[in-house]
Structures are given as structure tokens and as C-alpha cells.
Amino acid sequence: MPEESIIIMHASMPKASLENLESTLKLLIGEMQSQVATDASSIQPLFDLIEQIRPASSHNPIEIEDRLEILIDLLEEKTELGSIFADYMLSLLQLYSPARLYSDIGILANDGFFTALTQRLIWHVIPPMQLDNQVDTLFNTVFYKDSDERWLNHIKPQQWYRLIHCLATSEPDDELLHSAQHQLLNALMVISYRITAMGLEPELIRIDPTIDEFESPFMAQNREVIDFVESYQPLYLREINNTNTVIPDENPSDEALSQIPDERPTAVMIEQCRDILFRLRKNTKRYGVSIRLTNLMIRIEQSLTRMELLFELLLSFQRIPYVEQTNDKLSSEIRTEKNPADKVILKNIQVIYSENPLLTTLQLLLHEQKSHASIRDLISTNTELMALQVTENASKTGGHYVTDDRKGYFGMLRSAMGAGAIIACMATIKVLLGRVVLAPFIKALTQSMNYSFGFMLIHVLHFTVATKQPAMTAAAIAATVHQGGKTKQTQLTQLADLARLTVNIMRTQFIAIIGNISVAMPIGLMIAYLWQTLLGQQLLTPQKALVLLHDINPFESLAIPHAAIAGVCLFLSGLIAGYYDNLAVYHSVGTRLRQHRRLKNMMSPKRLDKVSTYIENNLGALAGNFWFGIMLGSMGTVGYILGLPLDIRHIAFASVNFAQSVFTLRADIDLSTVLISFLGVLMIGMTNLLVSFSLALFVALKARRVSFNQWIPLGQLILSHFFTRPSDFFLPPATQNQTESGTTADSPSEESSAVLTPKTKQSEPQTH
């Protein structure tokens, strides 16, 4: 059992200069030979060799190239040293088992998301135990510096090809080679059985029932893998006798070539498994997705990729020695770097030169060393599909918040005005609740219910809150970016479409805000007037009115930071809405409600179907509004409990408070206070919109793995439109959306289209 793998090692010799490096490397390879001969196989020679190769600066590519070039030239010039090096590495694989590397590292564990999250949190406090007989422990001992990943990544691919070719075309000890192949075959079987088990999960069959209708490729691949393993024999071996003595076949025949284990049937099954995964991803739009399903699909994809890597490693063991013997041209092609590709044709048989598998294995170890306890990687990997589905739902909803014709424009105005009336009542109720002395929890609960039920009522009545738009429309912009092509003309068209969509969003946002505050403020005034007239007392005391005006003063209070907190809540409510929309689809809420026995007894089939359909289609919006109200109503109480200045400022409620406060203090307020307070209302609104929009757009682009680098040309295009046709940002289009006139909502006037068409001299948009 190796013990030095869990001990901090030190170099046994000083670092050599470039002039003396070759002789030092010869001494180290000589030590490797003595280690193999005595079956000791200490990792000290390998540790010292890496110390000699490691550059003084990981950012110096010239030194990296020069030091590695000396090792490669030495191995190419003296092939017997390559055999010694290969023997040494294979002997280490007998002491440091690569089983975990082959079948576990780089593949998500079957622990569940929250279990893995808890485990990684613990690892940040107490690092995981390293088993002293695993190859990843050996790797971490040798490559112990944080800078190792950087200088290894600076190594040119051609140098990797030549180094691995030296090892692959050497003649290592046959028994060591056979042991390494045996470990690969075992790992291949383990991965294959896991894929079979994961592919038969009921979760997958529910999303794609066709898996169960025909023979599953997840099962068929296992049969092909078993056939491959049973027929696998290295080409340079003729027989293995009962004593496990390996007898090389120096002149393999054409018949031996024809007996190469054929991995192509398994490759076909792997592609069919991937086709099913692709269908599953598409079907999640219809059936929904969960973190568990995402985890399962990711593990299957990682396992399929690992199976391909194991096949390449096994076939490289078989084929490279024989190719070297029968086709000297291949070696010269690789050495001159004219053909670093992976494939050549030899006697009508496809022979794979696999330099990539060993490099991929090294990269796996590097990534595991860096991210084995990364919480960010775990969250991003497991929530990727969920985030995409949530933003997809938000982008569909966002389409309803964008108008491009007069009918939609004035429809949005009416919808926003209706919401303004309800918000005025909600703001008044909040003022009245503030008069009652309540425990902090009860106070948070009552204010939250006021917000939640008010916002839900606004949704049920098909009204619109202006600040709810950005979180939804940002997802619509991300969807437009994601659909862009890669040709120059397609990207220019996409830029024009984005500019047009942005103008439509700004115009719709403007009229929605006008609709909200143009009704909320007058109704708030009317309520304050009627309260004083009918009840003989003011709705607000002068002291309370002063407090409310101070709270929206952008210069003397935390109004803007509190507006930013409200913007974060708006953004979160959009995510919550998308999440619950996904849950409604994933758990078939509508179908289950229609099948509910008690509901069947209580309602007629027609009414039950109508109610079920409404809940299924609106569960996300209702849940998002409900939780948005909870966040707004409880933020102040949370700040009180934590001793932090937490609160929210929302433009619609701030406008009502402004109107009612000015009415209360009408005889004792100066014009400057009124103007500053109204400016605060406008700045609160801008902050609400900018924060929620920015966060929503960032998440939507991240979820789609899209980077859009043309914000400056897009801004220039929008500014050009603003200076040319400023009315488009505030007023509806001049023409009606009438089919008989030949103009549609999607076809703006020729003049507007000309303004929004980018010049071909502009920089080419790039989407990745």
C-alpha cells in the first residue's frame, strides 16, 4: 500500500538549467527503471521529473515549450527510455487504482442535488479524505501547485501528440499492459450497466413514452459492450497461457487485423441514446423539468462520453503498436505535424490514432482537482435546464407585455389604468394597517396579504402592473438573441429586430407607467378627500405625511437603494412565475384537477374543465404575484429583526403616498418639497425597472448560454431611431394594424424599418 501519496513530498535534486536538463532527465528515467525492476515503484522519480519540467513562471510559454521539448526529443531519440517511462507509469497504475478515475471522476454522483450541495459545503470546512491508493491522489501529489493547471494548458497540442506517441509506440512490459487493459474493461462494464439502469428510469419514460415502445438503446448498448469485451484481445498478443505469460505476435496476419474488436455497433447505440436525450430535452417544454430529471440526463450524457473515452483508450492500446510496425508513414506525418488528425486508413480498416484519450484523462484530473468542491459548478450544472425552462416560460409571458400597434397600445393603457385603481386601494389599506399596533410577524403577514391578494386580483382582472414588465420582456429579448444566426446578413437582421423590439418595449413600458400613476394618484387623492369628508378626520396625520414624503426623497433617504431591493423582488417574482409554470406542466396539474373525485362531485364537467385549464395556464402568474407580495410586505419586518435598513419602494405605491401626503399637507408644504418628492417617485420607478430588467436579462442570457457583444451598435441604432423618430418611444404607430390595408403588427412602416436597419459598415454582430 503506497503511503507517500498522502505526504507532502520534496524534490530530491535541485532544478536543472536547460543545458543540464537532458542529463538530469536521463538520471530520473534510470531511477524509474530501478523502481520497476525492484517492484518498489515509488512516485519520487515522477515527482522529481515534473519538478524539472515545471517552469519557473506558469505564464512563460517559451520556457514551458523548451523544457518539455527536451524531454520529448530525448524519448524520440532513445526509444528504450520511452519503454522504461511507460513501464514505470503502468506499474504505478497497479499500486494507484485508476478505477475511480475511469468510472467516477467527472460524472455527477447519484446523491441528489441537495445531498451533494450539503456535502460540498462541508468540504469547504473539512476537505474530503483522499484515499492513498487512488490515481487521483497520485495526481494531486505530483501536481500540487495552483499554477500547474495554467502551464499544462499552455502546452501546445503538437507537443502532447508527440509525447503521447512516444509512450504509445513504446514496448512496455506485457503483463503491466495487460493489467491496465483489464482495468479499462472493468470500468467500461461498470459504466455500461449504469447507463442501462439510468435509461430505464420511469422519469425518462414519462417524458418520452417511445423509450418503452421499442427496444431501448440503453439496454442494447450493454449487449454490444459485453460482446466487445468478450472479443477484446490486443493485436500484438497472440496468446496468454495459464501462467498469464504474455507472448507477443511480432508478425500479425491479415486475419488478425480482421479480428479487431468492432466498437462501431456500440457507437451506433451511443448515438441512439443521445438522440433520446435530445428528444427528452425538447419534450421538457411540453412536460416540464425538475432538478432530479436534469441530474439524471446530465449523468447519462457524462456516462456516454466516458464510455467513448474508455473505448478510445482501449483501442489505442491495441492499434498504435501495430500501426507503428506496419505503417512508418504515420509516425513521420505526426512528427512533421502535417497530419495531427486522429484517423488513417490501413488495409481498408479504419485505424484510430488516439492521442486525445490520454490528454482528456489528464484534463479530467485537472478539472477534478480544481472543482471537486465547487458549489457554483454543482448549481450551474444541475439547474441549467431548469433555468432555461423558467426563462422560456417568462419569454412566452413577456410577449404579452410588448405591443406594436395602436390597438395593443391603448389596450395596455386601459389595463394599466385598471391596475392603478387597485394599487391606490392597496396603498390606502397599507396606511390603515400601519395605524394598528401589531407584533412584527403579524404585521408582516397582514401587509404581505394586502400586497399578494391585490396583485393576484390585478392578474385575475387582466390588468397590468408596469414594473412587472421588465422581468418578462428581458426573457423575450434573450429569446431573440438566441435565435440569431451566424451569417453577417442574419446578424444584421437580428440587430434590427432587437432594436425594433426594444423600441416597442420602451413604448409599452412608458404607457403602462402612465396608466398606473395617472389613475393611482387621482384615486389616492379622492380616497383621502372622501375619508376626510365622510369621517371628519384625515387619512394621514401631518407627521405620517412628512414621513412618507421623506421616504421617497432621493437625496435624504434610502429611497433609491430600497427601490433597488424592490427591483430584485420583481426579478425574483418573474423567476418564481416561470418555476411554477414549469411545475404545473411537470406535475400535470390541470389533468389531475380534472380527475379529482371531489371536484367532479362539486362542479359540472364543463366548469371543472374551465377551472382546471385556468389554474394550469395561470398558476405561475398567480404564484409569482403571491410571493412578490410576500417579499414586499415582509421586507421591512426582516430588516427590523436583523437590525438592517431593509425596505422597499415601488413607483405605483410611492405615487399614491405622494398624492395623499401632498393633499394632507397642502397648506403647509412648499413647491421645492413637492418637486423633489415627485422626482423621487420617478427615480424610484427607473430604479425598479433597471434593476429587474438587468437581472432578468442576465439570467435569461446565461440560461441560454448566449453572449451578445453588440450592445454598443444596438445602443447606437436605438439612439439614431430616437433622434429620428422620437415619437415612436412614447406614442402608438401612426397606422392601424389592419389586414386589409396590407400592414400588419409584424410589418412596421417602411420609414420605421429604414431607421431600424443597421448600416453594413457597422461592426458585425457576434453571438456565441
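Residues numbered from 1 in each chain as written. Predicted model: local features only at pLDDT ≥ 70, side-chain atom pairs only at ≥ 80, totals over all residues. Heavy atoms only, no water.

### Digging into the overall build of the chain
And then number 1: The number of helices and strands found in the chain is 32 helices and 4 strands.
And then number 2: Across the 768 residues of the chain, 49% fall into the buried class.
And then number 3: Summarising the internal contacts of the chain: among those between residues at least 6 apart in sequence, 84% fall at separations of at least 24.
And then number 4: Carbon and sulfur atoms provide 59% of the accessible area of the chain, an area that totals close to 38,000 Å². (Helix = DSSP H or I, 4+ residues; strand = E, 2+ residues; numbered from the N terminus. Buried < 20%, exposed > 50% of the residue type's maximum accessible area, 1.4 Å probe, protein only. Contact = heavy atoms within 4.5 Å. Areas by Shrake-Rupley, 256 points an atom, 1.4 Å probe, with all protein chains shown as cover.)

### A few points about the side chain of Arg 67
And then number 1: Following the sequence through the fold, Arg 67 ends up in helix H3 (residues 61-77).
And then number 2: At a separation of 2.8 Å, a polar atom in the side chain of Arg 67 contacts the main-chain carbonyl oxygen of Gln 52.
And then number 3: In this structure Arg 67 touches Lys 15, Ala 16, Leu 18, Leu 21, Gln 52, Ile 53, Arg 54 and Pro 55, once residues within four positions along its chain are discounted. (Polar contact = N/O pair within 3.5 Å; in protein donor to acceptor, adjacent residues only side chain to side chain.)

### A look at the packing of helix H2 (residues 44-53) against helix H7 (residues 135-142)
And then number 1: Across the interface, H2 lies against H7 with an axial gap of 9 Å and an inter-helix angle of 45°. In terms of orientation, H2 lies oblique with respect to H7. Remark: the crossing between H2 and H7 carries right-handed chirality. Contact with H2, carried on its side by Leu 46, Phe 47 and Ile 50, involves Leu 138, Thr 141 and Val 142 of H7 and no other residues of that element.
And then number 2: Within the contact of H2 with H7, the residues separate by chemical class into 5 nonpolar, 1 polar and no charged. (Axes fitted to C-alpha atoms, helices over the stretch in contact; angles between N-to-C directions. Parallel < 35°, antiparallel > 145°, perpendicular 65-115°, else oblique. Left-handed = near helix turned anticlockwise from the far one by under 90°. Nonpolar A, V, L, I, M, F, W, Y, C, P; charged D, E, K, R; others polar.)

### As for the pattern of salt bridges
And then number 1: With the rule as written, the count across this model stands at 20 salt bridges.
And then number 2: One salt bridge connects Arg 162 with Asp 73, and the closest N-O pair in it is separated by 3.0 Å. One end of the pair, Arg 162, is in helix H9 (residues 157-168); the other, Asp 73, is in helix H3, with 89 residues separating them in the sequence.
And then number 3: Overall, Asp 73 belongs to the partly exposed group, its relative accessible area being 35%.
And then number 4: The partner of Arg 194 in a salt bridge is Asp 104, and the shortest N-O contact between them spans 3.0 Å. You can see Arg 194 sitting in helix H10 (residues 174-199) and its partner Asp 104 sitting in the loop between helix H5 (99-103) and helix H6 (113-123), a full 90 residues away along the chain.
And then number 5: Of the residues examined, Arg 194 reaches a relative accessible area of 33% and is grouped as partly exposed. (Salt bridge = Lys/Arg side-chain N within 4 Å of Asp/Glu carboxyl O.)

### Regarding a nonpolar patch on the surface
And then number 1: Together, Phe 510, Ile 514, Leu 719, Phe 722, Phe 723, Phe 730 and Leu 731 make up a nonpolar patch on the protein surface, roughly 650 Å² of accessible area in all.
And then number 2: Ranked by the residues each element gives to the nonpolar patch, the list is headed by helix H31 (residues 711-724), at 3 residues.
And then number 3: Tracing the backbone through its elements, the reader meets Leu 731 in the loop between H31 and helix H32 (750-755). (Patch = residues over 30% accessible without salt bridge, like charges linked within 9 Å, V, L, I, M, F, W, Y side chains within 5 Å.)

### Considering the packing of helix H25 (residues 559-586) against helix H28 (residues 605-642)
And then number 1: The contact between H25 and H28 brings their axes to 7 Å, and the two run at 150°. With respect to H28, the element H25 is oriented roughly antiparallel. Considering the relative orientation of H25 and H28, their crossing is right-handed. Of H28, the residues touching H25 (which contributes Ile 565, Ala 566, Cys 569, Leu 570, Leu 572, Ser 573, Ile 576, Ala 577, Tyr 580, Asp 581 and Ala 584) are Glu 616, Asn 617, Leu 619, Gly 620, Ala 621, Ala 623, Gly 624, Trp 627, Phe 628, Met 631, Leu 632 and Met 635.

### Looking at the nonpolar core
And then number 1: In this structure, Leu 25 and Leu 49 are the most contacted members of the largest nonpolar core, which totals 83 residues.
And then number 2: Considering every element that reaches this core, the biggest residue donor is helix H16 (residues 291-326), with 12 residues.
And then number 3: Ranked by size, the runner-up nonpolar core spans 27 residues in total, among them Ala 466, Ala 512, Ala 559 and Ala 659. (Core = buried A, V, L, I, M, F, W, Y, C linked by side-chain atoms within 4.5 Å.)

### Examining the packing of aromatic side chains
And then number 1: Going through the model one piece at a time under the given rule, you end up with 16 aromatic pairs.
And then number 2: Here Tyr 409 and Phe 410 contribute two aromatic rings whose centre-to-centre distance is 5.2 Å and whose plane-to-plane angle is 90°, an arrangement assigned as edge-to-face.
And then number 3: Given the relative accessible area of 4%, Tyr 409 is considered buried.
And then number 4: Judged by its relative accessible area of 33%, Phe 410 is partly exposed.
And then number 5: When the ring of Phe 455 is compared with that of Phe 628, the centres are 5.0 Å apart and the planes differ by 35°; the resulting orientation is tilted. Within this pair, whereas Phe 455 is found in helix H21 (residues 440-460), its partner Phe 628 is found in helix H28, the two being separated by 173 residues in sequence.
And then number 6: We classify Phe 455 as buried; its relative accessible area is 1%.
And then number 7: Owing to a relative accessible area of 0%, Phe 628 belongs among the buried residues under this scheme.
And then number 8: Put simply, the rings of Phe 510, Phe 722, Phe 723, Phe 729 and Phe 730 pair up and form one aromatic cluster.
And then number 9: The residue whose ring lies beneath Arg 206 is Tyr 586, and the NZ or CZ to ring-centre distance is 4.4 Å.
And then number 10: Directly above the ring of Phe 663 sits Arg 666, whose terminal nitrogen or CZ lies 4.3 Å from the centroid. (Phe/Tyr/Trp six-rings, centres within 6.5 Å; stacked < 30°, edge-to-face > 60°. Lys NZ or Arg CZ within 6 Å of the ring centre and 35° of its normal.)

### As for unusual backbone geometry
Apart from glycine, the bulk of residues carry a negative phi angle, and the bulk of peptide bonds sit in the trans form.
And then number 1: Non-glycine residue His 462 carries a positive phi angle of around 65°.
And then number 2: If you trace the backbone, His 462 turns up in the loop between H21 and helix H22 (469-482).
And then number 3: A relative accessible area of 62% places His 462 in the exposed class.

### Let's talk about helix H29 (residues 651-664)
And then number 1: With 14 residues, H29 extends 20 Å between its outermost C-alpha atoms, agreeing within 8% with the 20 Å of an ideal straight helix rising 1.5 Å per residue.
And then number 2: In terms of residue burial, H29 counts as a mostly covered element, since 13 of its 14 residues are buried. (Expected span 1.5 Å × (residues − 1).)

### Let's talk about H6
And then number 1: What H6 keeps buried is the set Phe 113, Ala 116, Leu 117 and Arg 120. Summarising the axial view, the buried residues of H6 lie within an arc of 100°, below the 170-degree limit, and thus occupy one face. (Arc of directions from axis to C-beta.)

### Quick look at the confidence of the model for the chain
And then number 1: With 76% of its residues at a pLDDT of 70 or more, the chain shows a mean pLDDT of 78.
And then number 2: Least confident of the elements in the chain is strand E3 (residues 343-346), whose mean pLDDT is 30; most confident is H21, at 95.
And then number 3: Segment residues 1-7 is flagged for pLDDT under 50; beyond a separation of four residues in sequence, or across chains, it makes 18 contacts in the model.
And then number 4: In this model residues 757-768 is a low-confidence stretch, pLDDT under 50, and it forms 38 contacts with partners more than four residues away in sequence or in other chains. (pLDDT = per-residue confidence, 0-100.)

### Re the environment of Met 269
And then number 1: Here Met 269 is to be found in helix H15 (residues 264-287).
And then number 2: Along the sequence, Met 269 and Ala 220 sit 49 residues apart, while their C-alpha atoms lie 6.7 Å from each other.
And then number 3: If sequence neighbours within four positions are ignored, Met 269 has contacts with Pro 217, Ala 220, Gln 221 and Glu 224.

### Things to note about the side chain of His 562
And then number 1: Mapped onto the fold, His 562 is located in helix H25.
And then number 2: Here Pro 645 takes part through its backbone oxygen, which lies 2.9 Å from a polar atom of the side chain of His 562.

### Focus on the environment of Glu 230
And then number 1: Within the secondary structure, Glu 230 is located in helix H13 (residues 217-231).
And then number 2: Taking relative accessible area as the criterion, Glu 230 reaches 64% and is therefore assigned exposed.
And then number 3: Spatially, the C-alpha atoms of Glu 230 and Pro 261 are 9.0 Å apart, while their sequence positions differ by 31 residues.

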